[in-house]
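# Notes for the structure review
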Amino acid sequence: MSRSDFPYARGRRLRKSENIRRMVSEHKLGVDDFIAPLFVVEGKNVKSEIASMPGYYRFSVDLLLKEVEEIQSLGIPSLLLFAKVPDSKKDNEGTEALNPEGLMQQTVKAIKKEFPEMVVMTDVALDPYSSYGHDGIVKNDKILNDESADLLAKMAVSHAEAGADFVAPSDMMDGRILLMREALEENGFYETGIMSYSAKYASSFYGPFRDALDSAPGFGDKKTYQMDPANVNEAVKEAILDEKEGADILMVKPGLPYLDVVRAVKESVNLPVSVYNVSGEYAMIKAAAKMGGLNEEDAMMETLLSFKRAGADLIATYFAKDAARLL
Ligand code: PBG
């Protein structure tokens, strides 16, 4: 029997009181780490609840500004914007995505005008603008890589022109970070950051999001560009490539089913790593809480903490406001 065995070693001594638990706690959540996703729609005075995301809304720009004000007052430093485009403005090339007066561009300008300190990140991908609901241009039922990546680079410049602090490519085309970085540099936007969705999986947990933006793929699935849930080495490979190509923050997505991937990526790169606690993860907790099976706040905080434990520096989450209120 050594002193590191029972009864000398009693783990419960360090769990005895709230203060002791606080002293030895290894990871802490903070509002500084939250990125609040926001859905913007055309029109005025619109606040519509997303059916599969109870308590989460799409806002028109006027009401979105009030939401941003609240987010700012809670101390959350950044936003991730998604635009819901009407079907009439969708086509295969996502032409509307490059409209300098498009919904995304207008929203960025409006937010930066009223809240210049707020860090505004924009989603860069074709799916909300694509008549096929795919993240790139479609030809003969295939998603073209290089043509799509060129277009996404232009989209990134357009968002930078509107004042975005970071562009966040969520498309998984090869080489798009390099093309985006080059395009931003060439256009003088050397201060605009890139938060790359480096390891984005072909996941079933995006269901509610596609409902929010009406962006579900019209045919097939996204498995030829988003990653196979079976793979982790590949996530590290993608992250290292994006780091070399000029990304500033690397993201793993979804979150909860991929905590091991967050850890693996974090240990392989020297950039901040973010994790996306996606719509399906939000909906799961909401649904279970509604059925009375668990306490929503506790389950939310435990989930968010698990991302810190896995090594995430930043967390994009629909719970940002709720969690910030508790912190
Ligand atoms: C699309 C995109 C998706 C999400 C963010 N950007 C969905 C998809 O790839 O089909 C999902 C976010 C979420 O589920 O919360 N480029």
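Scope of this entry: the structure provided in the associated data block. (Residues numbered from 1 in each chain as written. Predicted model: local features only at pLDDT ≥ 70, side-chain atom pairs only at ≥ 80, totals over all residues. Heavy atoms only, no water.)

### Some words on a positive patch on the surface
A contiguous patch of positive charge, built from Arg-10, Arg-12, Arg-13 and Arg-15, is present on the exposed surface. Structurally, Arg-15 can be placed in the segment before helix H1 (18–24). On the accessibility criterion, Arg-15 (53% relative accessible area) is exposed. (Patch = residues over 30% accessible without salt bridge, like charges linked within 9 Å, V, L, I, M, F, W, Y side chains within 5 Å. Areas by Shrake-Rupley, 256 points an atom, 1.4 Å probe, with all protein chains shown as cover. Salt bridge = Lys/Arg side-chain N within 4 Å of Asp/Glu carboxyl O. Lys, Arg positive; Asp, Glu negative; His and termini not counted. Charge placed at Lys NZ, Arg CZ, Asp CG, Glu CD. Helix = DSSP H or I, 4+ residues; strand = E, 2+ residues; numbered from the N terminus. Buried < 20%, exposed > 50% of the residue type's maximum accessible area, 1.4 Å probe, protein only.)

### A short note on a negative patch on the surface
A surface patch of negative charge is lined by Asp-146, Glu-147, Asp-150 and Asp-174. Within the fold, Asp-146 resides in helix H4 (residues 146–162). Using a relative accessible area of 53% as the deciding quantity, one classes Asp-146 as exposed.

### Concerning the layout of surface pockets
Counted as a void, the largest pocket has a volume near 230 Å³. Elements represented by at least two residues in the lining of the largest pocket include exactly strand S1 (34–41), strand S3 (57–60), helix H2 (61–73) and helix H11 (320–326). Among the elements that take part in the lining of the largest pocket, H11 stands out by supplying four residues, more than any other. When its residues are assigned to classes, the lining of the largest pocket shows nine nonpolar, two polar and six charged. A per-class count over the lining of the second largest pocket returns no nonpolar, one polar and four charged. (1 Å grid on protein atoms, 1.4 Å probe; cavity = no way out; pocket = protein on both sides within 12 Å on 5 of 7 lines; lining within 4 Å. Points joined across faces, edges and corners; volume = space filled by probe spheres on them. Nonpolar A, V, L, I, M, F, W, Y, C, P; charged D, E, K, R; others polar.)

### A few points about the packing of H2 against helix H3 (residues 103–114)
Between two packed helices, what matters for the description is the angle formed by their axes and the separation of those axes. The contact between H2 and H3 brings their axes to 10 Å, and the two run at 40°. Between H2 and H3, the angle falls in the class oblique. The two elements H2 and H3 cross, and the hand of that crossing is right-handed. Contacts between H2 and H3 involve Val-61, Leu-64, Leu-65 and Val-68 from the first element and Leu-103, Thr-107, Ala-110, Ile-111 and Glu-114 from the second. Considered class by class, the residues forming the contact of H2 with H3 number seven nonpolar, one polar and one charged. (Axes fitted to C-alpha atoms, helices over the stretch in contact; angles between N-to-C directions. Parallel < 35°, antiparallel > 145°, perpendicular 65-115°, else oblique. Left-handed = near helix turned anticlockwise from the far one by under 90°. Contact = heavy atoms within 4.5 Å.)

### Considering the site of the ligand
Taken together, 18 residues are adjacent to the ligand, and Lys-200, Arg-210, Lys-253, Ser-279 and Tyr-318 come closest. One of the side-chain nitrogen or oxygen atoms of Arg-210 is found 2.6 Å away from an oxygen atom of the ligand. Contacts to the ligand include Lys-253, whose side-chain N or O atom sits 3.3 Å from a nitrogen atom. Among the cavities detected, the one that contains the ligand is the largest cavity. For the shell around the ligand, the per-class residue count stands at eight nonpolar, three polar and seven charged. (Near = heavy atom within 4 Å. Polar contact = N/O pair within 3.5 Å; in protein donor to acceptor, adjacent residues only side chain to side chain. Sits in = over half its atoms within 2 Å of the grid points.)

### Comments concerning the pattern of salt bridges
In the structure shown here, the tally under the stated rule is 19 salt bridges. We note a salt bridge from Glu-70 to Lys-321, for which the minimum N-O separation is 3.6 Å. Residue Glu-70 is located in helix H2, and its partner Lys-321 is located in helix H11; the two are separated by 251 residues in the primary sequence. On the basis of relative accessible area, Glu-70 is assigned to the partly exposed category, the value being 29%. For Lys-321, a relative accessible area of 18% translates into the label buried. Glu-101 serves as the salt-bridge partner of Lys-109, at 3.3 Å between the closest nitrogen and oxygen. Residue classification places Glu-101 among the partly exposed positions, given a relative accessible area of 47%. Overlapping salt bridges, with partners in common, bring together Glu-67, Glu-70, Lys-321, Asp-322 and Arg-325 in one network.

### Overview of the environment of Met-251
Topologically, Met-251 is positioned in strand S10 (residues 249–253). The class for Met-251 is buried, based on a relative accessible area of 1%. In this structure the C-alpha to C-alpha distance between Met-251 and Ile-76, which are 175 residues apart in sequence, comes to 18 Å. Ignoring sequence-local partners within four residues, the contact set of Met-251 consists of Met-195, Ser-196, Tyr-197, Ser-198, Ala-199, Ser-274, Val-275, Tyr-276 and Ala-316.

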